[in-house]
Amino acid sequence: MITHLQENFSRAIQELKQAGVIPNELPTEVKFDRPRQKSHGDMATNVALGLAKAAKRNPRDLAQLIIAALPPSDRVEKLEIAGPGFINVFLKPASQFEILKTIREQAQYYGNSDTGQGETVLIEFVSANPTGPLHVGHGRGAAYGDALARVMRRAGYSVQTEYYVNDAGRQMDILAVSVWLRYLELCGEKFEFPDNCYKGDYIWDIAATVHREQGDRYRHPAKDVLQEASSPDPEQSLDMLTGTLRSRLGTDGFERFLRTALNTLVDDIKSDLSEFRVEFDRWFSEQSLYDGKTVEQTIDKLRSADHIYKKDGALWFRASAFGDEKDRVVVRENGVPTYFASDIAYHHDKFTRGFHKLIDVWGADHHGYIVRVKGTLEALDHSPENFIVALVQFATLYRGGEKVSMSTRSGEFVTLRELRQEVGTDAARFFYAQRKSDQHLDFDLDLAKSRSNDNPVYYVQYAHARVSSVFRQAKERNIDTSGLDSANLDLLVEESEKELARVLSDFPETVAAAARKLEPHHIVYYLREVANRLHTYYNAHNVLGAVKDLRSARLCLLDATRQVVANGLDVLGVSAPEKM
RNA sequence: GCGCCUGUAGCUCAGUUGGAUAGAGUGUUGGCCUCCGAAGCCAAAGGUCACAGGUUCAAAUCCUGUCAGGCGCGCCA
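As the structure is a prediction and not an experimental result, all values here were calculated from the model.

How each quantity is defined
Residues numbered from 1 in each chain as written. Chains lettered and ligands numbered in written order. Predicted model: local features only at pLDDT ≥ 70, side-chain atom pairs only at ≥ 80, totals over all residues. Heavy atoms only, no water. Pairing = 2+ DSSP bridges. Helix = DSSP H or I, 4+ residues; strand = E, 2+ residues; numbered from the N terminus. Right-handed = clockwise from strand over helix to strand, strands pointing away. Buried < 20%, exposed > 50% of the residue type's maximum accessible area, 1.4 Å probe, protein only. Arc of directions from axis to C-beta. Phe/Tyr/Trp six-rings, centres within 6.5 Å; stacked < 30°, edge-to-face > 60°. Lys NZ or Arg CZ within 6 Å of the ring centre and 35° of its normal. Contact = heavy atoms within 4.5 Å. Axes fitted to C-alpha atoms, helices over the stretch in contact; angles between N-to-C directions. Core = buried A, V, L, I, M, F, W, Y, C linked by side-chain atoms within 4.5 Å. Domains from an automatic or database assignment. Parallel < 35°, antiparallel > 145°, perpendicular 65-115°, else oblique. Nonpolar A, V, L, I, M, F, W, Y, C, P; charged D, E, K, R; others polar. 1 Å grid on protein atoms, 1.4 Å probe; cavity = no way out; pocket = protein on both sides within 12 Å on 5 of 7 lines; lining within 4 Å. Points joined across faces, edges and corners; volume = space filled by probe spheres on them. Expected span 1.5 Å × (residues − 1).

For the pairing of strand S12 (residues 387-392), give the residues involved together with the corresponding values.
In terms of strand pairing, strand S11 (residues 357-363) meets S12 through six bridges, oriented parallel. Bridge pairing in S12 places Gly363 opposite Val392. For the crossover that starts at S11, traverses helix H14 (residues 370-379) and ends in the parallel S12, the hand is right-handed.

As structure tokens, this is what we get:
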């Protein structure tokens, strides 16, 4: 409908250009929006206001000329010039319900469009270090990233999703050491567990696995071990502990602890996300960038282009040449690459795989890192504007009106799994999706798990269940619902029917806009409106009790509504129940 | 100190990238089931869009400044 109007208005403007009324260099695109007030018609445009100055005419006169130049349309009832020069369009009733047939034809594909024109996009999200279970902060990133992928796919982008597994570097060493120390405790060694090791209970579980399979094979006197690695600097002593682990157990022993921990944790994260209805196309290993020499080659490439230099024994990237505050270390004095090094290689690799656009979903606390990475991409001759970072703020949980305190360091955080178990996947995903991702989110646990009318998740799901129920009722009453395609939609004359159909016709546009802006939260607000229109209508008018032809038309409307609600919930990864 | 983000109804937040009388949920008040699902609907009340300037036919939206809050400024990730 909108495109129909846009085409007609563009033609009118073309014509006025040829007539010399409007200068040629001005755009011919016409934007329509939905007026808040019914008296302003079904659609409205401000083109005349925008072009008036350049055309040296007053807006209302120009609007008049545009209307006069408009090709005839059988869908338009009348046109009005209003206010300072808006053109309000009133549509013929019949054309407003055409959409119902389209929806029922396209079914689960209704809302899809070719806005993205097949552009290849790689969305990387969550990517939490495999050093422990996911917490509620990661949950938000997961909900956002997945909804973004879904909405962009519907909008015609060619999307792939990826989880970057940080399975290399010092964090992994610390993980292996942590498991080994817990293992020693299981063997009966007594000592004080270091503060800077991972202390979560899951470390015990992993240690127990090794102990069960290998017995005391890797046992060494704790006293000797800790003495070997004693240093006034706890961080340094941790690194020394890594050295001890390697030298005493050999590469095989070290690998056993590391692999067991890594596999256990990655598997745990995978199943956690899967139960959260988040699936990735690929799990990308950081270590593979080292094994395949990608890190080395990428750094060499930067070095040969003089973007990297040596200072104080370390290798530095000239980030300041790309707008960063200072240059950044890529390889440490001790020869160990920083996280930044593999990140450069990773993003370079993403572009060389052929993706046109990269979207990274990061925690908002990493925003200082963006300029740096963008800089390396520019240095590697990629377009930095095709690298987009979507920042996700952390969520604060509330229970009983009180903030739930969380601290990653002490291991006292609420895990995503706990959240799912407490409120359920539907509520969790819906609540996460409700807010713009770069805004703080107050997550009210009591509200999310309440099975009451306060809960916004149920409000939308209820609309779906309610319509489903009508069709169940129809079946019980032996009402034939197979011929709805030929229903006479002219019988739909109620204002609330018109409004419901109109909202339904907005869905593709809403999806496209959400995808363009990387803001899936618009779907939540849209669904609330659809649900509200449905409930309002349903409350005021009887469907199954109406006479046959009217009943068919109304069932057609309800079925289309159900479809749109289901499609919208699908974008958010929330189920559309037939019964509640 | 510098950089990024935010300030909209009592509370939690939307606001289609500059449009017409700023919206929703929740809370408060009052109505609506003899009838397809009341987990619903309707109505009322609630606002100096932080503040002050500027840009123009038009500003919650854009530019400048002030105030307030959050985050970041490692050879951590």
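Quick one: what's the story with helix H12 (residues 294-304), residue by residue and with numbers?
Among all positions of H12, only Thr294, Val295, Thr298, Ile299 and Leu302 are buried. The buried residues of H12 occupy one face: seen down the axis, they fall within an arc of 125°. Exposed side of H12, more than 90 degrees from the buried face: Gln297 and Ser304 are the residues found there.

With reference to specific residues and values, describe the packing of aromatic side chains.
The full count for this structure, using the stated rule, is 22 aromatic pairs. With a centroid separation of 3.9 Å and an interplanar angle of 10°, the aromatic rings of Tyr164 and Tyr346 are classed as stacked. A residue pair is termed long-range when its members are at least 10 positions apart, and Tyr164 in strand S6 (residues 158-165) and Tyr346 in helix H13 (residues 339-352) qualify at 182 residues. In this structure an aromatic cluster arises from ring pairing among Phe317, Phe322, Tyr339, Phe340, Trp362, Tyr369 and Phe387. The cationic tip of Arg246 hangs over the ring face of Phe254; the distance from NZ or CZ to the ring centre is 3.9 Å. Taking NZ or CZ as reference, Lys311 lies 4.7 Å from the ring centre of Trp316, over its face.

So, the sheet that holds strand S14 (residues 402-403): which residues are in play, and what are the values?
Taken in spatial order, the three strands line up as S14-S13-S15 in an open sheet, and their pairing is mixed. Each edge of the sheet is formed by a strand with only one pairing partner; in this case those strands are S14 and strand S15 (441-444). Contacts between helix H16 (residues 425-434) and the sheet are confined to strand S13 (395-399) and S15, with S15 contributing the most and set at about 155° to the helix.

Help me get a handle on the side chain of Asp324, residues and values and all.
Position of Asp324 relative to the elements: it lies in the loop between strand S9 (314-317) and strand S10 (328-331). Among the residues examined, Asp324 registers a relative accessible area of 10% and is labelled buried.

Describe in detail the sheet that holds strand S5 (residues 120-124), supporting the description with residues and values.
Spatially, the five strands line up as an open sheet ordered S7-S6-S5-S11-S12, and their pairing is parallel. For this open sheet the edge positions go to strand S7 (282-285) and S12, each flanked by a neighbour on one side alone. Each adjacent strand pair in this sheet contributes to an overall mean axis angle of 30°, direction not counted. Bridge count between S6 and S7: four bridges; the pairing is parallel. When the bridges of S7 are listed, Tyr164 appears paired with Phe284.

I'd like a rundown of the nonpolar core, residues and numbers included.
With 128 residues, the main nonpolar core has Leu100, Ile123, Met152 and Tyr432 as its most contacted residues. The leading source of residues in this core is helix H10 (residues 234-275), at 13 residues. Mapped onto the domain boundaries, this core takes at least three residues apiece from domain 2 (97-116 + 453-571) and domain 3 (170-268). In this structure Ile123 touches Gly145, Leu148, Ala149, Met152, Val159, Gln160, Thr161, Glu162, Ile359 and Val361, once residues within four positions along its chain are discounted.

Give me the packing of helix H1 (residues 2-18) against helix H3 (residues 59-69): which residues, what numbers.
Across the interface, H1 lies against H3 with an axial gap of 8 Å and an inter-helix angle of 110°. Compared by their axis directions, H1 and H3 come out roughly perpendicular. Of the residues in H3, those in contact with Phe9, Ala12, Glu15 and Leu16 of H1 are Leu65, Ile66 and Ala69. Here the contact of H1 with H3 is composed, by residue class, of six nonpolar, no polar and one charged.

A description of empty space enclosed by the protein should follow, citing residues and the corresponding values.
On inspection of all chains with the given rule, the structure shows one cavity of 30 Å³ or more. One number sums up the size of the largest cavity: a volume of about 80 Å³. In this structure, the largest cavity is lined by Ala143, Tyr144, Ala147, Tyr432, Ala433, Arg435, Lys436, Ser437, Glu519, Pro520 and His521. For the lining of the largest cavity, the secondary-structure elements that each account for two or more residues are helix H6 (136-154) and H16.

Could you give an account of the domain arrangement of chain A, naming the residues involved and the relevant values?
Domains assigned within chain A are domain 1 (2-91), domain 2 (97-116 + 453-571) and domain 3 (170-268). The centre of domain 1, based on its C-alpha atoms, is set 72 Å off from the matching centre of domain 3.

Run through the layout of surface pockets, naming residues and quoting values.
Empty space within the second largest pocket amounts to approximately 880 Å³. Sorting the residues of the lining of the second largest pocket by element identifies H1, helix H4 (93-96), helix H5 (98-106) and helix H19 (495-516) as the ones contributing at least two each. It is H19 that provides the largest number of residues to the lining of the second largest pocket, a total of twelve residues. Of the residues assigned to the lining of the second largest pocket, the class counts are twelve nonpolar, eight polar and 13 charged. Here the lining of the second largest pocket gathers at least three residues from each of two domains, domain 1 (2-91) and domain 2 (97-116 + 453-571).

Kindly report on the side chain of Gln96, identifying the contributing residues and their values.
Inspection of the secondary structure assignment puts Gln96 in helix H4. Excluding its chain neighbours within four sequence positions, the residues that come into contact with Gln96 are Asp42, Leu91, Lys498 and Ala501.

Which residues make up unusual backbone geometry, and what values do they have?
Despite not being glycine, Asp306 has its phi angle at roughly 65°, a positive value. Note on placement: Asp306 falls in the loop between H12 and strand S8 (308-311). The backbone of Asp381 shows a phi angle near 65°, a positive value even though the residue is not glycine. In this fold, Asp381 is placed in the loop between H14 and S12. Here Asp381 falls in the exposed class, since its relative accessible area comes to 70%.

Tell me about H13, and please be specific about residues and values.
For H13, which comprises 14 residues, the first-to-last C-alpha distance of 20 Å matches the rise-based estimate of 20 Å (1.5 Å per residue) to within 8%. Among the 14 residues that make up H13, twelve are buried, leaving the element largely enclosed by the rest of the structure. Residues of H13 that are buried: Phe340, Ala341, Ser342, Asp343, Ile344, Ala345, Tyr346, His347, His348, Asp349, Lys350 and Phe351. Gly354 occupies a position one or two residues after H13 and carries a positive phi of about 105°.

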